[in-house]
Amino acid sequence: MASTVTEEQVIEALRPVEDPELHRSIVDLNMLRAVQIRDNGVVGVLIALTVPGCPLKGEITRRVSEAATELDGVESIDLEFTVMTDEERETLRRQLHGDAGSSAGSNQAHGHAEGREIPFAKNSSKTRPLLISSGKGGVGKSSVTTNLAVALAAQGYSVGVVDADIYGYSIPRMLGTDRDPVVIDEMLIPPAMWGVRCISIGYFVPQGQAVIWRGPMLHKALEQFLTDVFWDEPDFLLVDMPPGTGDIALSLAQYLPRGEVFVVTTPQPAAQKVAAMSAAMAEKVNLPVRGIIENMSWFTGDDGKRYEIFGSGGGQELADELGVPLLGKLPLVSALREGGDDGKPVTAVAPESELAQSFHEIARQIAVDMKPKKVYSDALKVI
């Protein structure tokens, strides 16, 4: 029996289907190559994948099948795949990301000054770069970055994370991303988990191998993370800063002049005093410190009593010293450590827990209460 559905109807039904990595319609991306109406409610569909061995082929299959079979007269689809040619990938990359010849990585001597602009530095960018900083290691900065990113994503925002701690990268493990970035004609597509996209040097070095680089190589790697990765203008770009005030912090101040610094500390005075150095550097490079997050504030024992293992008052003292709010005090719980090791952030897997609720409240304050009131536009210029 001939089907009453038309090719045009199938195409329109598939138009809302997005590629799970590029977040664009498969029709607009020219991934839908053919639709064939067959007998007995069967529709043949040919999809061109961006790269061979596409890691999300199964997800594309599910999305296409569900969308097509919602049409009256379509009982099933016969889905086949092909792969884009090099020329088609180049066209796709130009459509989404501009000229690869203008990328930061194309000129080792001069960097982005002669190449593609860093999109987050432009006045017209809607992205808020959040630089999560600390003066010293061991205060849980990466755990805070991971869970804050997941909390923002859960609240409906598009979120990316740059793991700028090149020597001590940990964000991929904490997020639980199980695949490497996809490369489409020199454009990197960051893997995503829990609604958060992430890039890290950890994707590019063998497991267990140390990164032993001097300043210029660190500078170039960060530059490429910001220019050669297809971020697609997220609402927030969180940057997990390395501890201290070295080369990477200086580079990011140059690359993200509209960045907002949030300092993570523990309650103990020694940590608070070192965290103050990170805030002092932010002031010197004209980046505003917007708030303090105190981690490991207390531990609740089996007896229900709170124990202030690392003392108390350090976060509030630092906030008062800088004239910024203390956004939250996070309890010391084993679930935070376990989630970081297993790639299951507590904010994602236990959203009703006390700790997760604390992260959600910090995320709400940053996204809503601290939303910048200034209007930035490339069209607005001082004459």
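What counts and how
Residues numbered from 1 in each chain as written. Predicted model: local features only at pLDDT ≥ 70, side-chain atom pairs only at ≥ 80, totals over all residues. Heavy atoms only, no water. Salt bridge = Lys/Arg side-chain N within 4 Å of Asp/Glu carboxyl O. Helix = DSSP H or I, 4+ residues; strand = E, 2+ residues; numbered from the N terminus. Buried < 20%, exposed > 50% of the residue type's maximum accessible area, 1.4 Å probe, protein only. Core = buried A, V, L, I, M, F, W, Y, C linked by side-chain atoms within 4.5 Å. Pairing = 2+ DSSP bridges. Axes fitted to C-alpha atoms, helices over the stretch in contact; angles between N-to-C directions. Contact = heavy atoms within 4.5 Å. Patch = residues over 30% accessible without salt bridge, like charges linked within 9 Å, V, L, I, M, F, W, Y side chains within 5 Å. Areas by Shrake-Rupley, 256 points an atom, 1.4 Å probe, with all protein chains shown as cover. Phe/Tyr/Trp six-rings, centres within 6.5 Å; stacked < 30°, edge-to-face > 60°. 1 Å grid on protein atoms, 1.4 Å probe; cavity = no way out; pocket = protein on both sides within 12 Å on 5 of 7 lines; lining within 4 Å. Points joined across faces, edges and corners; volume = space filled by probe spheres on them. pLDDT = per-residue confidence, 0-100. Left-handed = near helix turned anticlockwise from the far one by under 90°. Nonpolar A, V, L, I, M, F, W, Y, C, P; charged D, E, K, R; others polar. Parallel < 35°, antiparallel > 145°, perpendicular 65-115°, else oblique.

Chemist: Break down the pattern of salt bridges for me, citing the residues and quoting the values.
Modeler: Following the criterion strictly, the structure yields 22 salt bridges and no others. A salt bridge links Asp 78 to Arg 38; the nearest nitrogen and oxygen atoms lie 2.6 Å apart. With Asp 78 in strand β3 (residues 76–83) and Arg 38 in the loop between β1 (32–37) and β2 (42–49), this residue pair connects regions lying 40 residues apart in the sequence. For Asp 78, a relative accessible area of 30% gives the class partly exposed. Note on Arg 38: relative accessible area 28%, which makes it partly exposed. Between Arg 337 and Glu 338 there is a salt bridge, with the nearest N and O atoms lying 3.9 Å from each other. Since its relative accessible area comes to 35%, Glu 338 is described here as partly exposed. What emerges from the salt-bridge pattern is a single network uniting Glu 59, Arg 62, Arg 63 and Glu 66.

Chemist: Mind laying out the nonpolar core, listing which residues take part and the relevant values?
Modeler: Ranked by internal contacts, the top residues of the largest apolar core, which has 73 residues, are Leu 152, Val 162, Leu 226, Leu 238, Leu 252 and Ile 366. Here the element with the most residues in this core is helix α4 (residues 141–154); it accounts for 7 residues. If you look at the next biggest cluster of nonpolar residues, it comprises 34 residues, including Leu 22, Leu 29, Val 51 and Cys 54.

Chemist: Talk me through the sheet that holds β1; I want residue IDs and the actual numbers.
Modeler: What the 3 strands build is an open sheet, ordered β1-β2-β3; its pairing is mixed. Each edge of the open sheet carries a strand with a single partner, namely β1 and β3. The mean angle between the axes of side-by-side strands here comes to 15 degrees, regardless of whether they run parallel or antiparallel. Sitting on the sheet, helix α1 (residues 7–14) is in contact with β1 and β2, with an inclination near 135 degrees to β1.

Chemist: Explain a nonpolar patch on the surface to me, using residue names and the numbers behind them.
Modeler: On the surface, Phe 299, Tyr 307 and Ile 309 cluster together to form a nonpolar patch covering roughly 280 Å² of accessible area. Looking at where Phe 299 falls in the secondary structure, it is placed in strand β13 (residues 299–300).

Chemist: Outline the packing of aromatic side chains, supporting the account with residue identities and numerical values.
Modeler: Evaluation of the coordinates by the stated rule reveals 1 aromatic pair. On the basis of an interplanar angle of 85 degrees and a centroid distance of 5.3 Å, the ring pair of Tyr 157 and Phe 236 is categorised as edge-to-face. Of this pair, Tyr 157 sits in the loop between α4 and β5 (159–163) while Phe 236 sits in strand β10 (residues 236–240), and the two are 79 residues apart along the sequence. Relative accessible area serves as the criterion here: at 25%, Tyr 157 is assigned to the partly exposed category.

Chemist: Explain empty space enclosed by the protein to me, using residue names and the numbers behind them.
Modeler: Within this structure, the stated rule accounts for 2 cavities of 30 Å³ or more. Of the pockets and cavities examined, the second largest cavity occupies roughly 40 Å³. Looking at the lining of the second largest cavity, the elements that each hand over two or more residues are α4 and α10 (334–342).

Chemist: I'd like a description of the environment of Glu 186, backed by residues and values.
Modeler: Here Glu 186 shows up in the loop between β6 (182–184) and β7 (187–189). The sequence separation of Glu 186 and Val 229 amounts to 43 residues, and the corresponding C-alpha distance is 9.0 Å.

Chemist: Could you give me a rundown of the confidence of the model for the protein, with the residues and numbers involved?
Modeler: Of the residues in the protein, 90% have a pLDDT of 70 or more, and the chain-wide mean is 87. The least confident element of the protein, judged by mean pLDDT, is helix α8 (residues 269–284) at 81; the most confident is β10 at 97. The low-confidence segment residues 103–114, where pLDDT is below 50, has 22 contacts with residues more than four positions distant or belonging to other chains.

Chemist: A description of the packing of α8 against helix α9 (residues 314–322) should follow, citing residues and the corresponding values.
Modeler: Contact geometry for α8 and α9: axes closest at 10 Å, N-to-C directions at 35 degrees. Considering only the axes of α8 and α9, their crossing is right-handed. Between α8 and α9, the residues in contact are Gln 272, Lys 273, Ala 275, Ala 276 and Ala 279 and Gly 314, Glu 317, Leu 318, Glu 321 and Leu 322, respectively. Partitioning the contact of α8 with α9 into residue classes produces 5 nonpolar, 2 polar and 3 charged.

Chemist: Lay out the environment of Val 333 in plain terms, naming residues and giving numbers.
Modeler: Note that Val 333 resides in the loop between β15 (326–329) and α10. On a C-alpha basis, the gap between Val 333 and Met 296 in space is 8.0 Å, while along the polypeptide they are 37 residues apart.

Chemist: If you had to explain unusual backbone geometry to someone new, which residues and values would you point to?
Modeler: A positive phi is found at Asn 30, a non-glycine position, where the angle reads about 60 degrees. Tracing the backbone through its elements, the reader meets Asn 30 in the loop between α1 and β1. The backbone of Asp 232 shows a phi angle near 65 degrees, a positive value even though the residue is not glycine. Mapping Asp 232 onto the fold places it in the loop between α6 (215–227) and β10. By relative accessible area, Asp 232 is classed as partly exposed at 24%.

Chemist: Describe the packing of α4 against helix α12 (residues 354–369), listing the residues and the values that go with them.
Modeler: The contact between α4 and α12 brings their axes to 9 Å, and the two run at 70 degrees. With respect to each other, α4 and α12 are oriented roughly perpendicular. Taken as a pair, α4 and α12 cross one another with a handedness that is right-handed. In contact with Ser 143, Val 144, Asn 147, Leu 148, Ala 151, Leu 152 and Ala 154 of α4, α12 contributes Phe 359, His 360, Ile 362, Ala 363, Ile 366 and Ala 367. The residue makeup of the contact of α4 with α12, split by class, is 10 nonpolar, 3 polar and no charged.

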